[in-house]
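The chain contents come next:
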Amino acid sequence: METTADLTVSAVRDTRRRGRSRRSLPIALFGLLLLAGCAGDSPSALNPAGTGSARVAGLWWLLFWISMAVFVEVMALLIWALVFRRGTARVRHGQPLRFVTIAGAGLPLVILVAVYGVGLRDLAALGDGPGPEAPTVEVTGHKWWWEVRYPGASGATANEIHIPVGEQVRVRLRTADVLHSFWVPQLMPKTDLIAGETRETWLRAERAGSYRGQCAEYCGTQHAHMAFLVVAQPRADYDAWLARLDAPAREPGTDAERRGRQAFVQGTCSACHAVRGTGAEGRVGPDLSNVGSRWSIGAGAVPNDAGHLGGWIANSQTAKPGNAMPPQPIDAARLPDLIAYLRSLE
Amino acid sequence: MTDPAGIVTAATRAESLSAELPAGRSTGWWGMVMFVATEATLFACLLGSYYYLRFQYGPQWPPPGIEAPSLLKPLVMTAVLLPSSLPMLWAEHGIRRGQRWRLRSGLAATMLLGITFLALQATEYAEKLRQFTMTTDAYGSLFYLITGFHGLHVLIGLTMIGWLLAASLRGGSFGAHRHDRVRNAAIYWHFVDAVWAAILFTIYLTPRL
Amino acid sequence: MPTTTPSPAVSPADLARLTEHWAEPPSLRAWFSTVDHKRIGRRYLVTAGFFFALAGLSALAMRTQLARPEAGVVSPQEYNQLFTMHGTAMIFLFATPMLFGFGNFLVPLMIGSRDMAFPRLNAFGYWVFLFAGLFMWSSLPFGAAPNNGWFAYAPLTGEQNTPGLHMDVYALGLLFLGISTTAGAINFIVTALKLRAPGMSLNRVPLFVWAIVATAFMVIFALPALNLDNAMLFLDRRFDTHFFDPSAGGNVLLWQHLFWIFGHPDVYIIVMPALGIVSAVLPAFTRRGVVGYPLVVLAIVAIAIISFGVWVHHMFATGLPQLSYSFFSAASTIITIPSGLQIFAWLATMLLGRLVLKVPLLFVIGFIVTFVLGGFTGTMFALTAFDQQVTDSYFVVAHFHYVLIGGAVFPMLAGIYYWLPKITGRMYGERLGRWAFWLIFTGMHVTFFPMHLYGLFGMPRRVYTYRSEPGWDGWNLVSTVGSYLLAVGLLLVLVGVVHAVRRGKPAPPDPWSGDSLEWSTQSPPEPYNFPVLPRVHSLHPTWDERTAESTGPGASADRVLSEGRRTLLTSELDAHRERAVEMPESSLQPLLLAGALLLFFTSMLLAWYPVAAVAVLVVVVTIAVWLWPPRRPDRELGVTA
Ligand code: HEA
Ligand code: HEA
Ligand code: CUA
Ligand SMILES: [Cu+2]
């Protein structure tokens, strides 16, 4: 099976290709600056893949062109003054109040009222959440990772949200500690996670792919590494994925993996981490039942490969200084086993 | 402009005698009014925070475990504090006419009422503290912050009045032509009084509405 | 348009008397005890410039860290202190005090007075500002500087989430500084209301003074919200109250509401006097008055009022009810109208006048270009749906640097070049000034324009580092390069100022043929500002013959006031003469009082509560002595019984 890490790369490539072919007229005109945004793996708000962000991107282009027009007007007046009102020009002492009022207040008022109307319509659209039967994801912000649960599925995952493509999905947001903010630029604008309260937003991906999201409210030392990935899949793949989230974690296949599991369950790890079906039920850190297939380690801190995993377990403080997992006193001989075991958990 | 001595007499005669008050508001008056305006905003924010937390909290207020405040003592406190503006007015009007005895007796009376108010507040606290403290919950924090902050203002007002009283007892301080300081302290005191009415309403009356 | 030189109308004897009463002969004591608004204003400017340099260097460190993905120039803990101190210092220790510095130096001169209404309070305000600034900055070397961003959202700021002194420094430092800002604001209002020269009715008050007064009113009504917020934060942290603790009935959004009820007006507190500088600089370089004086005044007042009704636009992503969002969205949209009015009034002024393209005008032009762009992005945020997408991303960082640097720093720089001759008595070098302008203008746009882009491309703000996959690295490098250009440009400003002070040509009283009263004094002005207080006959007194005459041979005797240290009080609206008042002498009490407060705040910070109690006592006694009425004979007092 394709791991999500592979999925990310291919999906991003995919989006990029489509993004380029669907590049509309304004983007072509503004192309030079935007090239950098659509090229690369940029999670650009101007390359929307979800209903919410698509609306806002439309609003942005409207605002952009209006601003350009007014800016050109202002610059034209300024340049006119610079060219024709220097040196020999005679000072005129009139008080053209009508010009100032119309250009400075009248015209802007007309523009602003219209734009405000459009903005309200879009706000209402963003507020138009899914019905009660829609799939729901429960996301809890922690310093500095995201806990992800699905009502009905016993398991949990971290820093990775799977949704069925083309469907409106409810996202219920809570925080375990301080404020965070849930942001997937290509899918949906932000909603803050407010301590002591529950907030809701929704996602609706119009095409399959992986979309980077990141915490957008400053939340302390490692706010920089609190990213996540939204994976939009066809309904069948999504259902299969959800079913696995309800089932026990994959059994070890090799001796090394078995030794690794033992080290995990009997060592310090299980105090903080859970792996379904092993008796490890810690809730301090992320559930690791499918850690092997995650797109990254430490919410975007380092790539998910054997080397980084080993480094993370031995001392996660170098990759993500200040994070809540202390360096683990793991016997060097046991470490490869542990790595093998964790990487086998898909 | 040819006769500098003439300027001097012209400038001194009319004005140096007119002293602090007759023409227009003084800078001190404006200063005090602006200061009171900013202080009033502070109290408005405090009471605003009270209402905000209250209505965000939910239907039961004060929160479980704390009784709604009883009214008797605060009403007595009000009956002591609000009228204390009257002797202050009397004192101020007195000194405007140059009557120093009215200044002294008015200040002393105001001070007495203010001290009584603080003493009553102390007994009120002694009672409340047995029930809840500043650290019990947000209600406790609000209660003590708001009333305590007001009490502090009363204390500052009393310090001003005591200071005026000391200056007026010394003699040579205030008279019909110089009483800016008295007037400014009076403005402050009336303000501290008026704020209490808002606090009485917010803290003691609204939980019973 | 006659340019006046200070009038010879006053007799040498009067001048000698004025000097005797106002001059402060140089001595160590005089240095600490001065109450001269010009010296205090200069100190504000220099001190704020110093804090600007510190905050700017912090920004350079941040930009160096962000130049490449996953750089290790600073640790996350250091980065978080750097951006917090950068933002906090730029807003609180640089922008407002810098503009207060201009106000302090200029308001009495522009309104034809000899000092501020409360000169000692003024000195006190300066010392408090200085001490509060040092108080906050000195935490940085100890690694204990504030680290939760300049708006410090609860509950991150609570004891258990941020242990250590960091946020205590923040809360106490801002409370301490607030004393200075409030005192300064009251002083400006009273000065402008009561000390205007006779004849300067409200419709002849210079636009800069209008702007300062409107700013001061905003301070009076906005700052209490911040002070309360910080007091509650400190109580929560130190004394276990629960204002921001949702588990005990508190609410974390209370912090945000109070902060932004202050914070939004605060951004106009910063920009308003800067816009006033633009209005003050333009007449001299367009050779005519600003078009639409009443409209501009109206715009100033309107901004000051509306700015109190938009704060929730900083909370568009917190999930409040949509109805409240539509209200605050509408208010935020409307507030652009008065800004637009001002922009077009200035454009019309330039279109009708004759441009004299000196460095100050260059900065004004740079201001218009930059501020308009920043204003547009602000208007975009006013639409909630768009804001939810870009809030807390670098797009917002781009917006506020465009309005803060374009809207406030550029006018300040225009003001520095414009008034340098008045403040120092020396001319700056035009060539160096032009170099500085072009470097700063280019550097500014190279640094901050790309932030719009990588903000839209999904880069959140306040991240100490980023990985290279999202494709933000190229643009970040551009920003970093730009920030170095900007720094070089600013360094040239500093060099230009130092050079002018040391080697500049002596400045004539009125090098630009300016229109307001400060140009009718010496450069730098005598300690008493005006030998004869002018009588004002128009909005452009220095261009107006009758006003000039009022200090020349036609001066009437009652405006010399050389007996004692005196200036005139006039009525609030029409500026009718009321009476002359005696102004206070220099004194060490302001310094002593500020020192006692420093002791108080330091001991609160370090939890030496008994020392704090002693400090309170010192404060009370100092104030009591300061204001103690002088003893006068009963007859003079008017005592009858
Ligand atoms: C000098 C400071 C300054 C100024 C003047 C402004 C001006 C404006 N600001 Fe800005 N703002 C800040 C400083 C400032 N701001 C800061 C520091 C922050 C971020 C704080 C933080 O998060 O750290 C911020 C953030 C901020 C936000 C929140 C963003 C977010 O965090 O999500 C919003 C939202 O509405 C906003 C709006 C506006 C608006 C509508 C104006 C308007 O006043 C602009 C008006 C001006 C113009 C529009 C240009 C001239 C007008 C014309 C030429 C007429 C024609 C115009 C049109 C037809 C549009 N600002
Ligand atoms: C007036 C306000 C102001 C000014 C002028 C600036 C100026 C600059 N700022 Fe900004 N900035 C803020 C206000 C301001 N800033 C605020 C409020 C925040 C938000 C903080 C937060 O999120 O909490 C912020 C945040 C902020 C960030 C985002 C940090 C993050 O989110 O992680 C960045 C990143 O690049 C940045 C960069 C810069 C740079 C490069 C400059 C440059 O323009 C600086 C250039 C200056 C110098 C290099 C100094 C050189 C000076 C001299 C050599 C001497 C000159 C002396 C005299 C004139 C007397 N700033
Ligand atoms: Cu979580 Cu930032
Ligand atoms: Cu704002």
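Residues numbered from 1 in each chain as written. Chains lettered and ligands numbered in written order. Predicted model: local features only at pLDDT ≥ 70, side-chain atom pairs only at ≥ 80, totals over all residues. Heavy atoms only, no water.

### Brief notes about the overall build of chain B
The line we're drawing: Numbering of helices and strands starts at the N terminus; helices are DSSP runs of H or I of at least 4 residues and strands are runs of E of at least 2. Each residue is placed in one exposure class: buried if its accessible area under a 1.4 Å probe, protein chains only, is under 20% of its type's maximum, exposed if it is over 50%, and partly exposed if it falls in between. In this description, accessible areas are obtained by the Shrake-Rupley approach with a 1.4 Å probe, and a residue is regarded as covered only by the protein chains that are shown.
A tally of helices and strands in chain B yields seven helices and zero strands. The burial tally for chain B puts 56% of its 209 residues in the buried class. Accessible surface for chain B amounts to roughly 8500 Å². Of this, 69% is attributable to carbon and sulfur atoms.

### Here we look at the site of ligand 1
For the record, the criterion: To be near a molecule or strand, a residue needs just one of its heavy atoms within 4 Å of it. Think of a polar contact as two N or O atoms within 3.5 Å of one another; within protein, one of them needs to be a possible hydrogen donor and the other a possible acceptor, and neighboring residues in sequence only count if both atoms come from side chains. Amino acid classes used here: Ala, Val, Leu, Ile, Met, Phe, Trp, Tyr, Cys and Pro are nonpolar; Asp, Glu, Lys and Arg are charged; the rest, including Gly, are polar.
Neighbouring ligand 1 are 30 residues; Trp150, Tyr268, Asp387, Thr391 and His399 of chain C lie closest to it. Surrounding ligand 1 is a set of residues that belongs to chains A and C. Histidine 313 of chain C is positioned with one of its side-chain polar atoms (N or O) 3.1 Å from an oxygen atom of ligand 1. Here an oxygen atom of ligand 1 sits 2.6 Å away from a polar atom, N or O, in the side chain of threonine 391 of chain C. If you list the elements that add at least two residues to the shell around ligand 1, you get helix 8 (252-286), helix 11 (336-352), helix 12 (359-381) and helix 14 (394-424) of chain C. Here the shell around ligand 1 is composed, by residue class, of 17 nonpolar, 11 polar and two charged.

### Thoughts on the site of ligand 2
All names here are of chain C. Surveying the vicinity of ligand 2 reveals 33 residues, the closest of which are Tyr79, His86, Trp150, His401 and Arg462. At 2.8 Å, a side-chain N or O of histidine 86 approaches a nitrogen atom of ligand 2. At 2.8 Å from an oxygen atom of ligand 2 is found a main-chain nitrogen or oxygen belonging to tryptophan 150. Mapped by element, the contributors of at least two residues to the shell around ligand 2 are helix 3 (37-66), helix 4 (76-110), helix 14, helix 15 (430-456) and helix 16 (473-503). Of the residues in the shell around ligand 2, the class split is 23 nonpolar, seven polar and three charged.

### Considerations on the sheet that holds strand 4 (residues 160-164) of chain A
Residue and element names in this part refer to chain A. This is how the line gets drawn: A pair of strands is labelled paired if DSSP reports no fewer than 2 bridges between them. What counts as an axis is a line fitted to C-alpha atoms, over the stretch in contact for a helix, and the angles between N-to-C directions run from 0 to 180 degrees.
Taken together, the three strands give an open sheet; going across it, the order is 4-10-9, and neighbouring strands pair in mixed fashion. The sheet terminates laterally at strand 4 and strand 9 (209-214), the two strands that pair on one side only. Within this sheet the neighbouring strands show an average axis-to-axis angle of 25 degrees, counted without direction. Here strand 9 pairs with strand 10 (residues 227-233) via six bridges, running antiparallel. Bridging across to strand 10, glycine 213 finds its partner in phenylalanine 228.

### Observations concerning the coordination of the copper ion (ligand 4)
All names here are of chain C. The condition that has to hold: The donor set covers N, O and S atoms within 2.8 Å of the metal, switching to 3.2 Å for Na, K and Ca, and it leaves out water, so a site may look short of donors.
In this structure, His264 (ND1), His313 (NE2) and His314 (NE2) serve as the protein donors to the copper ion (ligand 4), at separations of 1.8 to 2.1 Å. Between consecutive donors of the copper ion (ligand 4), the numbers of intervening residues give the motif H-x48-H-H. A separation of 4.6 Å is found between the copper ion (ligand 4) and the iron atom of ligand 1. The class for histidine 313 is buried, based on a relative accessible area of 17%. Assessed through its relative accessible area of 28%, histidine 314 is described here as partly exposed.

### Topic: the pattern of salt bridges
Applied cut-off: When a carboxyl oxygen of Asp or Glu is within 4 Å of a side-chain nitrogen of Lys or Arg, the pair counts as a salt bridge.
Inspection of the entire model under this criterion finds 35 salt bridges over all chains. Here glutamate 636 of chain C ties to arginine 178 of chain B by a salt bridge, and the two come within 3.7 Å at their closest N and O atoms. Here arginine 178 of chain B lies in the loop between helix 6 (138-170) and helix 7 (180-205) and glutamate 636 of chain C lies in helix 20 (residues 634-637), a pairing that spans two chains. Given the relative accessible area of 13%, arginine 178 of chain B is considered buried. Between arginine 238 of chain C and aspartate 168 of chain C there is a salt bridge; the shortest N-O distance is 3.6 Å. Note that arginine 238 of chain C is positioned in helix 7 (residues 207-239) and aspartate 168 of chain C in helix 6 (residues 166-194), a separation of 70 residues in sequence. Aspartate 168 of chain C shares its class with arginine 238 of chain C; the two are buried. Several salt bridges share partner residues, and in doing so they unite Glu138, Arg170, Arg172 and Glu200 of chain A into one network.

### Here's the deal with the pairing of strand 1 (residues 566-570) of chain C
Residues and elements named next belong to chain C. Counted residue by residue, strand 1 has five buried out of five residues, so it is predominantly covered. Bridge count between strand 1 and strand 2 (residues 577-582): five bridges; the pairing is antiparallel. Looking at strand 2, one finds that arginine 566 is bridged to glutamate 582. Turn length for the strand 1-strand 2 hairpin, with the two strands adjacent in sequence and antiparallel, is six residues, and the turn residue alanine 575 shows positive phi of about 55 degrees.

### Details of the interface of chain A and chain C
A common way to report how large an interface is uses the accessible area buried once the components associate. To keep it simple, the criterion reads: We call two residues in contact when some of their heavy atoms are within 4.5 Å. Buried surface area refers to the total accessible area, computed with a probe of radius 1.4 Å, that the two partners give up upon joining, counted for both partners together.
Listed per partner, the contact involves 93 residues of chain A and 87 residues of chain C. For the pairing of chain A and chain C, the buried interface totals around 7400 Å² over both sides, and the portion due to carbon and sulfur atoms is 70%. Our count for the chain A to chain C interface comes out at zero salt bridges. On inspection of chain A and its partner chain C, the count reaches 27 residue pairs in polar contact (both at pLDDT 80 or more). Those elements that provide at least two residues to the side of chain A that touches chain C are helix 3 (31-38), helix 4 (51-84), helix 5 (97-127), strand 7 (188-193), strand 9 and strand 14 (302-303) of chain A. The element that contributes the greatest number of residues to the side of chain A that touches chain C is helix 5 of chain A, accounting for 19 residues. For the side of chain A that touches chain C, the per-class residue count stands at 54 nonpolar, 24 polar and 15 charged.

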